Amino acid sequence: MLQALVSIATFQKNAGLVRMNQIELDFERAIGRHLLFTTRLRSILYGASIDEGAVVKAGLCPLGQWIVKRQHEFGGFAQFQRLHQIHDHIHEVASRLVSFYRSGLAEEARNGLVEIEQIGRELLDELGALKDEVLGSGVEPNLTDDLEELRVNYAELLELNGMQHELHQRIQEQTEISRRADQRARQNEEKFLNVMEQAPVGIVILRGKEMTIELANNNYMEMIGKPNTPLVGQSLYEVIPDSRTTAGPSLERVWLTGEEFHGHELRVNLVKDGREEACYFNYIAKPYQELEVQQVRAVIVVVTDVTAQVLSKLALERSELQFRNLVNQSPFAKAVLTGRELVVTLANEAMLTKLWRRSFSEVEGRRLADIFPELNDQPFLHILQRVFDTGEIYQDNEATARIISDDGERLYYLDYQYAPLFNPDGSVSAVMVSANDITEKVQFRNGIAEAAERLSLATDGTKLATWDLNLINYDIIYSSRLPVIFGYPPDAQLSHAALRRHVYPEDLRNIVLPSFEKALKTGIYQYEARTVHPDGSLHWVRTQGKIIFDEHDKPLRMLGTMMDITEEKESQIALINSEGKFRTLANAMPQFIWIADKEGQLNYWNQAVFDFSGMSMETMKAGGWLSIVHPDDRTENLIKWLDAVRTGNDFIFEHRFRRHDGCYRWQLSRAIAQKDAEGAIQMWVGTSTDIHDRRIFMEELESEVAERTRELTISNDELTRTNMELAQFAYVASHDLQEPLRKIQTFASRILETEFENLSEKGKDYFGRMQASSTRMQQLISDLIAFSGTNAMEKHFEMIALDQVMWKVKDQLAENISRKKAIIRCDELPVLEVIPYQMEQLFTNLIGNALKFTRENMSPIIQVACSEMLGSQVQYANLQGDKTYYCIQVCDNGIGFDQEYKDRIFQVFQRLHSKSAFEGTGIGLAICKKIVENHAGAILAEGNLGEGAVFSIYLPKKRFL
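Keep in mind that this is a model prediction, so the values were computed, not measured. (Residues numbered from 1 in each chain as written. Predicted model: local features only at pLDDT ≥ 70, side-chain atom pairs only at ≥ 80, totals over all residues. Heavy atoms only, no water.)

### Concerning the overall build of the protein
Along its length, the protein carries 34 helices and 27 strands. Buried positions account for 41% of the 961 residues belonging to the protein. Partitioning the intrachain contacts of the protein with sequence separation of at least 6 by distance along the chain shows that 57% fall at a separation of at least 24. Working note: accessible area of the protein is about 53,200 Å², and carbon and sulfur atoms make up 52% of it. (Helix = DSSP H or I, 4+ residues; strand = E, 2+ residues; numbered from the N terminus. Buried < 20%, exposed > 50% of the residue type's maximum accessible area, 1.4 Å probe, protein only. Contact = heavy atoms within 4.5 Å. Areas by Shrake-Rupley, 256 points an atom, 1.4 Å probe, with all protein chains shown as cover.)

### Considering the pattern of salt bridges
The tally for this structure, following the rule as stated, stands at 32 salt bridges. R102 is paired through a salt bridge with E52; the nearest N and O atoms lie 2.2 Å apart. With R102 in helix α6 (residues 78-102) and E52 in the loop between α2 (22-45) and α3 (53-56), this residue pair connects regions lying 50 residues apart in the sequence. Taking the shortest distance from any N to any O, the salt bridge between D370 and R367 comes out at 2.7 Å. Accessibility expressed as a relative area gives 32% for R367, which makes it partly exposed. (Salt bridge = Lys/Arg side-chain N within 4 Å of Asp/Glu carboxyl O.)

### Here we look at the confidence of the model for the protein
Chain-level pLDDT for the protein is 81 on average; 81% of the residues reach the 70-or-more range. Least confident of the elements in the protein is helix α1 (residues 2-13), whose mean pLDDT is 46; most confident is strand β13 (residues 524-532), at 93. Segment residues 1-9 is flagged for pLDDT under 50; beyond a separation of four residues in sequence, or across chains, it makes 35 contacts in the model. Predicted confidence is poor over residues 11-20, with pLDDT under 50, and the contacts of this stretch with residues over four places away or in other chains come to 26 contacts. (pLDDT = per-residue confidence, 0-100.)

### A few points about the pairing of strand β27 (residues 948-956)
Of all nine residues in β27, eight are buried, a share of seventy percent or more. Alignment of strand β25 (residues 884-892) against β27, held across eight bridges, turns out to be antiparallel. Counted as the bridge partner of Y885 is P956 from β27. As defined by bridge partners, strand β26 (residues 938-944) adjoins β27 across seven bridges and the pair is classed as antiparallel. Residue pairing across strands places I939 opposite I953, the latter belonging to β27. Linking β26 back to β27 in an antiparallel pair, the connection comprises three residues, with G946 at a positive phi of about 85°. (Pairing = 2+ DSSP bridges.)

### Brief notes about α2
Between its terminal C-alpha atoms α2 stretches 35 Å, which fits the 34 Å expected from 24 residues at 1.5 Å a residue. α2 sits mainly inside the fold: 24 of its 24 residues count as buried. (Expected span 1.5 Å × (residues − 1).)

### Some thoughts on the pairing of strand β15 (residues 555-564)
In terms of strand pairing, strand β11 (residues 464-470) meets β15 through seven bridges, oriented antiparallel. Within β15, the position partnered with D468 by the bridge is L559. One ladder, built from nine bridges, connects strand β14 (residues 538-549) with β15; its direction is antiparallel. Paired with F549 across the bridge in β15 is P555.

### Quick notes on the state of the cysteines
With the rule as written, the count across this model stands at zero disulfides. Of the cysteine sulfurs around C891, a residue in no disulfide, the closest is that of C887, at 9.0 Å. C891 sits in the partly exposed class, given a relative accessible area of 22%. (Disulfide = S-S within 2.5 Å.)

### Brief notes about the sheet that holds β26
Taking strand neighbours across the sheet as the criterion, the five strands line up as β22-β24-β25-β27-β26 in an open arrangement whose pairing is mixed. Only two strands of the sheet have a single neighbouring strand rather than two, namely β22 (823-826) and β26. Strand-to-strand twist of the sheet, defined as the mean angle between neighbouring strand axes without regard to direction, takes the value 15°. Where strand β24 (residues 861-870) and β25 come together, nine bridges link them in antiparallel fashion. (Axes fitted to C-alpha atoms, helices over the stretch in contact; angles between N-to-C directions.)

### Describing the nonpolar core
With 39 residues, the main nonpolar core has L802, F843, I847, F951 and I953 as its most contacted residues. If you list the elements that add at least two residues to this core, you get α31 (802-812), β23 (831-834), α33 (836-852), β24, β25, α34 (924-934), β26 and β27. When residues of this core are assigned to their parent elements, the largest contribution, seven residues, is made by α33. Excluding residues within four positions of it along the chain, I953 makes contact with L842, F843, L846, Y886, C887, I888, V932, A938 and I939. Core analysis: the next-biggest nonpolar cluster, separate from the first, contains 35 residues, I50, V55, L113 and I119 among them. (Core = buried A, V, L, I, M, F, W, Y, C linked by side-chain atoms within 4.5 Å.)

### Here we look at the side chain of N845
Mapping N845 onto the fold places it in helix α33. Assessed through its relative accessible area of 13%, N845 is described here as buried. When sequence neighbours within four positions are dropped, the list of residues in contact with N845 reads G924, I927 and C928.

### With respect to the sheet that holds strand β10 (residues 428-437)
Ordered in space as β7-β6-β10-β9-β8, the five strands form an open sheet in which the pairing is antiparallel. In this open sheet, the two strands that pair with only one neighbour each are β7 (343-347) and β8 (394-405). Recorded for the sheet is a direction-independent mean angle of 35° between the axes of neighbouring strands. In the sheet, strand β9 (residues 408-422) pairs with β10 via nine bridges, with the strands oriented antiparallel. Looking at β10, one finds that D415 is bridged to N436. Along the sheet, helix α19 (residues 380-390) contacts β6 (333-338), β8, β9 and β10; its crossing angle with β9, the most-contacted strand, is approximately 5°.

Shown next as structure tokens:
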């Protein structure tokens, strides 16, 4: 061991001419410090009186101090961490051995030196591996104080050497160690030259002001394009002419001042393979001085070729410029946020003008959180920092963002992506933000959703089911009405294939499948077919749909509706049977009866017409019917008939028909349009009555009563006009809906009266259901008219005491109150400026509901309370905060409702119970809400299932526009 230490000292003494590679020398110093440690430990265990601190404590050990000092440069290498652990471990073992020795267990302590040697070999192996990694990585540690450390080490070794000489038993061993140290010194010198030759960097030793080359390794010669060329003795300026103006000044300064110089990315033009090219180098120029004489003897230059790195950096700069141009020219909003503080370094015009609404000078170099404080309450800053920390891309669609600028706050819907930007070492340097403003698209889709919701409300009221079929995978989405049409509960889950299996096989084969194939070509899907319910019953359905195609005309989706038309079909069958009876009856009548289609083309005449005209059915259909009209009457006949067909008004006309013998007779023709439930004309039914005798008689009397007839005609015309105006008014007032219902009820009643015995039990049941359905529909129409009336009618406000309105309502509901044994308690109500009849309707609906929705065997108790409050005190209502409102609460102890339906109950057609449980149309509360809104107020509902409900009405104390 001591001999190895002496070899280090010898190496230091003989290092006057050529200084070895600094990193290699630094690691040799570390090895020497380890040897120093083992020598001290052996000396202690063999009785030497020296300080134990550097042996038992790792932190006081010179090698430990070397490890701490090199933590910054070498800490990133795995071998360095392992070296640290081994060093701590060897001191733990050394401390144990010293403890044994001090306890009188000298033999056990010395035997433990075997373990020390084993751990020492591991430590030296790790040192060697770390050295190789450092040399291969190009790391340049700070070794500026190496000479001073060498002197310190040398002094320590001399001191220890003196101490060793005091040990009589180790004199001979010390001599052997000295011999081995001399041998190792020679080997180290050879090793230095070998290391210099094998170093992965270029090394050249220069002497004199002309920088004469004394030594250069092969790597250096290859770097400058002169491999295997003898350079020793030549001036660097002759070998590389460009170096005199590039590296020359810095090298000469090192030679003259003795100060080390570091050069970075020095450009030198070199001739390689006969071609001049620009090369870039990093270099360290260190003065070489002998220990005894403080004079620069040479300049050692360590050169690293960084041409590839510099070219890559230049390419990166060009790429960054291209990246900036790409960002600035992108139609999407883009920005680059640098560091974890998210500092804005780049933002394109789309980001600045469309989203941020700021100039670049306002945001450049500032933290995003400082520019937009409102982001602290939104998730974006947290997500950005997570992307920066993890290096993972994050993207989201239709995210909402609030951005405040000088023009106020705006809400955006964004598709956005946060992408990390990496440094060459793999660490994240910045985050690029890409955003696409889809606010208009989302708002448009929300509008469609609202329209779909309104459509759903409408279809629920008309028993119409809606569906959406994906033509790629045949997934189907449908409203709750569709399963009901197929005989299932509303919440049943049915596939497209399952629905198809319920179609009557013959109709599936002959109607549905051909219609589907036709729709794939035309885009229109419609059919009427029979379905089989799970209970085996047959039903009729009508389907209408439309196909949505992509830009390549490939079918994507089919949207449509479906309705159960069983009752309509059965009515049609009944109508066909009735039509047969009608034809038989018509042919038996002497009066002319004729029928035309909805376009006005006549297609049926009874037998009396053929007998009168002498024409056949074929002749009449070919237009012969017009030939029997007198030529003088034909033009007016056609004008009136076409006008009736166009307007739907009744056709009434007196004209002359030619009999088969050529004689003309006057006829009074009338025709009435037959319309379906929607008011669409289906056909025309007309009659022609012979009024010839009456007409002749009237003509004979005309001369006698001409004036009276004129007056009567005028009066009759005025009366007819008045009646028509009244009829049109009534027609409009009932929204073109009640007349078809009355006809259905009338015809159904007549059939039940005249054909009751001829009907089957099922037929009787169908007619009963038809009458009940029409009655419910008539009530629904009345309620709808009342609902629309809250908007359509004129709004005359009057000052009125609500107490009087409440008394009137209780008087109207007195019979129901008495029957229910209800108790109504009412606070004193205010005098307000309101629409009287609407306020009466409001209280009637609310008190009526409280009387209707009662619990069994419990008398209803209804409490009407009144108080004042500011609009700002009311939650969940859009009231003006600085206005005073009266809060009128109607509380009951009825069946109540689940609080989740507090908003739904005010929607049209919304019912929480079946029609069999509680009668009604589901419009009453919607009317209440509309009335309250007409008075600039609000209505809220609270309920507890099985306990009761509270309806709170907020009306302004003073009416405002």
